[in-house]
Each structure stands twice: as C-alpha cells, then as structure tokens.
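A closer look at the structure
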Amino acid sequence: MAQTGESLQFTVDGRAVEVPDDGDTLLGVLRDRLGIETVLDGCSPQGQCGCCTVLVDDAPRVACVTPARRVAGRHVTTAAGLSPDEQQRWSDAFLAWGASQCGFCTPGIVCRFVGHERRGADLSDRTTVDKALAAHLCRCTGWQTIREAATHAATPSQVSVRDAVAPVAAPRSADATERDPEAAAHRASIETDGPQRSVPSSVLGGFDFGADGAPPGTLTAITGPTGNWHTAESLTEARRQAGKVQGRRTTLEPTPPIQIPDPPPGTQWDVQLATCWTEPAYLETDAAWCAPGNEPSDPLANGGAFGGKAESPVREEARQLATNRHQPVRVLWSREDTVRRGPKRPPLAAGLQTDGTGIIHIARTPGATQVLQAVLPHADIVEVDTPGPPTSMNLRAAVWAEAQMLAAALNRLQTGESLEATTATVEVTSLDGATARATVTPAGIDVHIDAGDPLDQVTLRSYIIGASHMAWSWVTSESLTVDNEGQVQDLTIRSFGIARSADTPPINVTIEPSQQPPVPAGNAVFAAVAAATWMSRGAPAQLPTGQSTPLR
C-alpha cells in the first residue's frame, strides 16, 4: 500500500490503516489518530528518550521524529504487535530480572531489542546491548537489569538471576511465574510511595499512564511560549497553534549557582562542596486528563517520579480547563515544560572544618535547614534566595544525601585518614530505618542493604541498582545550566548528563535477610552510594566530579 492523494496507507500491527497526510509525525498518528497508547511520549519532538520506538519494516525507528508520510506503504510494529513468542519471552525476561519498574521506557526498549534480534544481533553481548540502549533513557532501573534481561532473552537456559545476588539473599528462582506478584508489588509500592506493579502488560505498555485512557473527543491542552493555554483535537495541532519552539541544549557551561562561603580569616576549609542544578528526569512528563465534574487522572500512574510530581499542578490544570471548556481535556507538559516548571534538588555550597563547624549556604527551601542541622549540628545554615527553577525536599534523599556526603568526609578526617582515595566505603541509616553500606572502587559499586523483610528480592535488587545508578550518575556527570536570571538553558534529554548504560560500572548487591517490617531502601542506598562515589574521587569541591576525575 502507498500514499494516495491526500491520505496515507500503511499497516500497523498487521492491520491496514489510512490516515490524512497532514504533516503529522508517526507518533502523532499512532497515538492521536489511531489511539495506540502503548507507544509512549517522553520527550517529543526531541527524539532523545526512545520511549516511542517502533519497528518500521523490522527496523527500530523513533516515532516522534519520523514523518508519517515516510511509512506510507510500509509495515509498522509496536510492542503490542510483536509476535506472541516475542512478547512472552521479552516480558518474562524483564520481569525475571526486575528490568521494568514504572514501565514507561520498556515498550520502546523491547521494540529496539526485537528489531536487532530479528536482524541477527547477539543480545548476549554487552557492547551490542549498550549500543542499542544509547538511543534510550531509563531513569528507574540503572540499566544493569535491562542488560541482564537481554542476556536472559537471548540465552534463557544459560543465565540465572541467582548468580546476580549475593548468596545471603538469592532469589528463589529466575522464573517470574514462581514469584509472588503481590509481594513484588508490595515492595515496589514501598519504594515508590505509591502503587506500582510489574506485570507482562506493564513491560509492553499495557498500563494507562497520566495521558492515557481519555474518552474520544478529548481536547489536548499545552502552554504556548508566554504560558497561555492552547487546546486542539491533537497534540500536533495544539503545537501548531501555540507556535512553540523546541528547546535546545545550551553551549554555556553549568556552574554551581551558590559560591562556597569564605572561611574565617587566617583559616581554610577542610571540606568543601558546591552542587549544580540537576534535573530529576523522570520519563513520563506531567500529564493528566479530566472530564467536567470528574476527578482527573493520576499523573503518577505506575510510578512515583522520585518525588518530582508530589506537588505537580497538572491535575488541577486539567480539572480547570475541562470545567471551562465543558468537555474532557488532556493537559500535556512537554519535556521543556517539565524541566522549567518541575522541582529540583536545592543547590548548596558548604565549607566545613574537621570538627564539623562551618557554613552551608543552600537555596531557600522549606525543610532544608532542619535536615542539614540534624546531620551537621555544628554548622551554620544560611538559606539564600537563588534565581532558578523551583526546589523541593520531596525528591530522592534531597539535602539529606548531601549532608551524608559531608558527614562522611568529616568522619574520614576525624579518624586521621586522607580524603585522597580511590576506594571508599560509607554506611548510612535512613530515617525510615534502612541501613545501606556502599563501597565504590575503580572496579564498580558494592551495596549491602538491610531494609527489613525483602518481600521480593528481585524487585528490591532492581530498586537498589536503580538508586545506585542515580546516585553515581548525579555525583559524576549530571548538571543543568541555569543562567543568572534563573532561566533553565538545558532543555533536552541528552543535556542532563545522565550516565549511559555503557558508562555505568557494575553494581553488586547483597540483601540482608530480615523478619522486620519492610522499609524503603532507596534513600539510604542513594545517600550511601553518592557519598562513597564522591569520596572515591577525593571529595572534590564541586559536583559533578566527572566520571574519571583525578584526585585533588
């Protein structure tokens, strides 16, 4: 089939379709015209997160940057249209290794893996998988379990999840059917502070996210360059009305927005740390739909966004627009909207003496001073007004992890050890009661965790690896350029500095058996790995350190 007149004809998941040739993208056609919501949108039209990846004649393509007219007469396959064997094998592998948490990235990743597999690629090869994953972003899992799932799918009889966890906490089986799905969901919900399930449908995009499930005739609403609302029958048409220009990556270098305080005359600080702005980078941007008089959809859907959506206004925006327009409205934040409007970790700058006295300046944020004082009681805390995006203490271990980093450096100095090291071990206990011990060496990251009853060790291991990667990436490579007026200049997925699969060190996990009530592990793991990573690079005065920063 081919293009005829002013329409396009092609097949989607084996079904012949015909749509207007109006200049829309393949993603727009699939979601807005054909209602295929298993193809997900994490950054359109940037083409950088990989969530909308589909197969076009068996070749992986990013749908948000593929003009629909390019697929005229061709065969498009989404995750929902893969063969039953492919769906079963890949969903089983992802579940067996804990390679899916929120599930927003996985349909696109599975499509890419299947496309490579159909063309004879060896997905048991780390380099091959790393190259495939370079087109994607997964913020939850930290890549490692996805690589393990790829190996499992490629060689299911040659790999066991037992080999990936220390014997003290080996999972019962790599077979997802032998695990208790309710226990796995319970552990996932503890870690995300909200409902989350990893089941075959979530791996393949079968869950409704914040933007999904709206009835026919729902308008799509976005903001224009001046912040005013534009509504239309499709996202593409709303963008045309708004005249919104896609955000770019700046050439400006990111710098800490707060300078390290001067030490008292005649002295110098023994420990210094200044942090940059960083982006939480949850994949599903803020989205919700609402019918007049009803409750809006949940923007958290199957994941917690690491606390980034705890105070999101998107539900009320959808409710108000639906009321004003007397019909259902779906509000979609673009990736640029999420970067500009979403909360960030409060940046800080600290100078401390070995005895713990000193000065910490931190961007004014409710609750920040109390968290710092609880860990560093002898330091003077000064909240300062800092031009930039909003800040929040709801993000993963915000401020508490920074305080634990400083405390770890002080502890090393107080025991007579030098900060110049390439190996570091840090143990912390969170307010929730989880204890994490992280050791970072040039060879990788080792994490020991006691978070009460593991409930499901595969799931807990997945969250530990995800938190470890997030901490390591944050310390070594993440930053966000914000100018002197407080305007965010880095607006694309690739500009956030998140460590790729190929750059991520191996993460080994030991889970302590326990009969105590289960508690969240994420904050303790994040803080311990962040502190050990910083210390293993000599505790330099500024983040990010770089992935191979020399000792100071």
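Remember, predicted model here, so these are calculated numbers, not experimental data.

On to the overall build of the chain. Within the chain, the secondary structure is distributed over 14 helices and 17 strands. At 24 Å, the chain has a C-alpha radius of gyration in line with the 24 Å of a compact globule built from 552 residues. When the backbone C-alpha atoms are referred to their principal axes, the chain occupies close to 80 × 55 × 40 Å. Looking at the chain as a whole, 58% of its 552 residues qualify as buried. A separation threshold of at least 6 residues defines the contact pool for the chain, and within that pool the share at least 24 residues apart is 70%. Accessible area for the chain stands at about 21200 Å²; split by element, carbon and sulfur atoms hold 48% of it.

Looking only at helix α4 (residues 126-133), the buried set comprises Val 129, Asp 130, Ala 132 and Leu 133. Buried residues of α4, seen end-on, are gathered within an arc of 160° and therefore sit on one face of the element. Of the surrounding elements, those touching the buried residues of α4 are α3 (106-118) and α5 (144-154).

Turning to the packing of aromatic side chains, a few remarks are in order. In total, this model carries four aromatic pairs according to the counting rule given. Through a chain of ring-to-ring contacts, three or more aromatic side chains come together here, namely Trp 90, Phe 94 and Phe 113. For Arg 345, the ring lying beneath its charged end belongs to Trp 474, and the centroid distance is 4.5 Å.

Attention shifts here to the packing of helix α2 (residues 84-96) against α3. In the contact formed by α2 and α3, the axes pass within 11 Å of each other and the chain directions differ by 120°. If you check the angle between α2 and α3, you find them oblique. Where α2 crosses over α3, the handedness of that crossing is right-handed. Every residue of α3 that contacts α2 at Glu 86, Arg 89, Trp 90 and Phe 94 is listed here: Thr 106, Ile 109, Val 110, Phe 113, Val 114, Glu 117 and Arg 118. Classifying every residue of the contact of α2 with α3 gives six nonpolar, one polar and four charged.

One open sheet holds the five strands; their spatial order is β2-β1-β5-β3-β4, and the pairing between them is mixed. Two strands lie at the open edges of the sheet, namely β2 (15-20) and β4 (59-62), each paired on one side alone. Pairs of neighbouring strands in the sheet enclose a mean axial angle of 40°, with direction left out of account. Judged from the four bridges that link them, strand β3 (residues 53-56) and β4 form a sheet pairing that is antiparallel. Each residue of the ladder has a partner; that of Val 56, found in β4, is Ala 59.

Another point: helix α13 (residues 457-476). With 20 residues, α13 ought to run about 28 Å at 1.5 Å a step, and its terminal C-alpha atoms sit 28 Å apart, in line with that. Of all 20 residues that make up α13, 19 are buried, and the element is covered over most of its length.

On to the nonpolar core, then. Counting residues in hydrophobic clusters, the biggest one holds 114 residues, and the most contacted among them are Phe 94, Phe 113, Ile 360 and Trp 534. Of all hydrophobic cores here, the second largest spans 20 residues; its members include Leu 30, Ile 36, Val 56 and Val 71.

According to the stated counting rule, one finds 25 salt bridges in the structure shown. A salt bridge links Arg 69 to Asp 21; the shortest N-O distance between them is 3.0 Å. Here the residue Arg 69 occupies a position in the loop between β4 and β5 (75-77), and Asp 21 occupies one in the loop between β2 and α1 (26-33), the gap between them amounting to 48 residues. Given the relative accessible area of 43%, Arg 69 is considered partly exposed.

Turning next to the state of the cysteines. Across all of its chains, the model carries zero disulfides by this definition. Not part of a disulfide, Cys 102 finds its nearest cysteine sulfur in Cys 140, a span of 3.9 Å. For Cys 102, a relative accessible area of 15% corresponds to the buried category. Residue Cys 111 stays outside any disulfide, its sulfur separated by 10 Å from that of Cys 52, the closest cysteine.

Within the fold, Glu 284 resides in the loop between β8 (271-274) and β9 (287-290). Here Gly 210 takes part through its backbone nitrogen, which lies 2.6 Å from a polar atom of the side chain of Glu 284. Discounting residues that sit within four places of it in the chain, Glu 284 has contacts with Phe 104, Phe 209, Gly 210, Ala 211, Pro 299, Leu 300, Ala 301 and Lys 309.

Within the open sheet, the four strands sit side by side as β7-β6-β10-β9. Their pairing is mixed. Both edges of this open sheet fall to β7 (229-232) and β9, since each of them pairs with a single strand only. Mean inter-strand twist for the sheet, computed between neighbouring axes without regard to direction, equals 20°. In terms of strand pairing, strand β6 (residues 219-223) meets β7 through four bridges, oriented antiparallel. Its bridge partner lying in β7, Thr 220 is registered against Ala 232.

Attention now moves to the side chain of Lys 344. Inspection of the secondary structure puts Lys 344 in the loop between α10 (335-341) and β11 (348-352). Under the relative-accessibility criterion, Lys 344 is labelled buried at 0%. Of the polar contacts made by the side chain of Lys 344, one reaches the backbone oxygen of Gly 342; its length is 2.6 Å. Excluding anything up to four places from it in sequence, Lys 344 contacts Trp 277, Thr 278, Glu 279, Pro 280, Thr 338, Val 339, Pro 389, Pro 390, Thr 391, Ser 392, Leu 395 and Leu 480.

The next subject is the packing of α3 against α4. As a packed pair, α3 and α4 sit with axes 10 Å apart at the nearest point and diverge in direction by 130°. With respect to their mutual orientation, α3 and α4 come out oblique. Note on packing geometry: the crossing formed by α3 with α4 is right-handed. Of the residues in α4, those in contact with Ile 109, Arg 112, Phe 113 and His 116 of α3 are Val 129, Ala 132 and Leu 133. The residue inventory of the contact of α3 with α4, partitioned by class, reads five nonpolar, one polar and one charged.

Calculation criteria
- Residues numbered from 1 in each chain as written.
- Predicted model: local features only at pLDDT ≥ 70, side-chain atom pairs only at ≥ 80, totals over all residues.
- Heavy atoms only, no water.
- Helix = DSSP H or I, 4+ residues; strand = E, 2+ residues; numbered from the N terminus.
- Rg over C-alpha atoms; globule rule 2.2 N^0.38 Å.
- Buried < 20%, exposed > 50% of the residue type's maximum accessible area, 1.4 Å probe, protein only.
- Contact = heavy atoms within 4.5 Å.
- Areas by Shrake-Rupley, 256 points an atom, 1.4 Å probe, with all protein chains shown as cover.
- Arc of directions from axis to C-beta.
- Phe/Tyr/Trp six-rings, centres within 6.5 Å; stacked < 30°, edge-to-face > 60°.
- Lys NZ or Arg CZ within 6 Å of the ring centre and 35° of its normal.
- Axes fitted to C-alpha atoms, helices over the stretch in contact; angles between N-to-C directions.
- Parallel < 35°, antiparallel > 145°, perpendicular 65-115°, else oblique.
- Left-handed = near helix turned anticlockwise from the far one by under 90°.
- Nonpolar A, V, L, I, M, F, W, Y, C, P; charged D, E, K, R; others polar.
- Pairing = 2+ DSSP bridges.
- Expected span 1.5 Å × (residues − 1).
- Core = buried A, V, L, I, M, F, W, Y, C linked by side-chain atoms within 4.5 Å.
- Salt bridge = Lys/Arg side-chain N within 4 Å of Asp/Glu carboxyl O.
- Disulfide = S-S within 2.5 Å.
- Polar contact = N/O pair within 3.5 Å; in protein donor to acceptor, adjacent residues only side chain to side chain.

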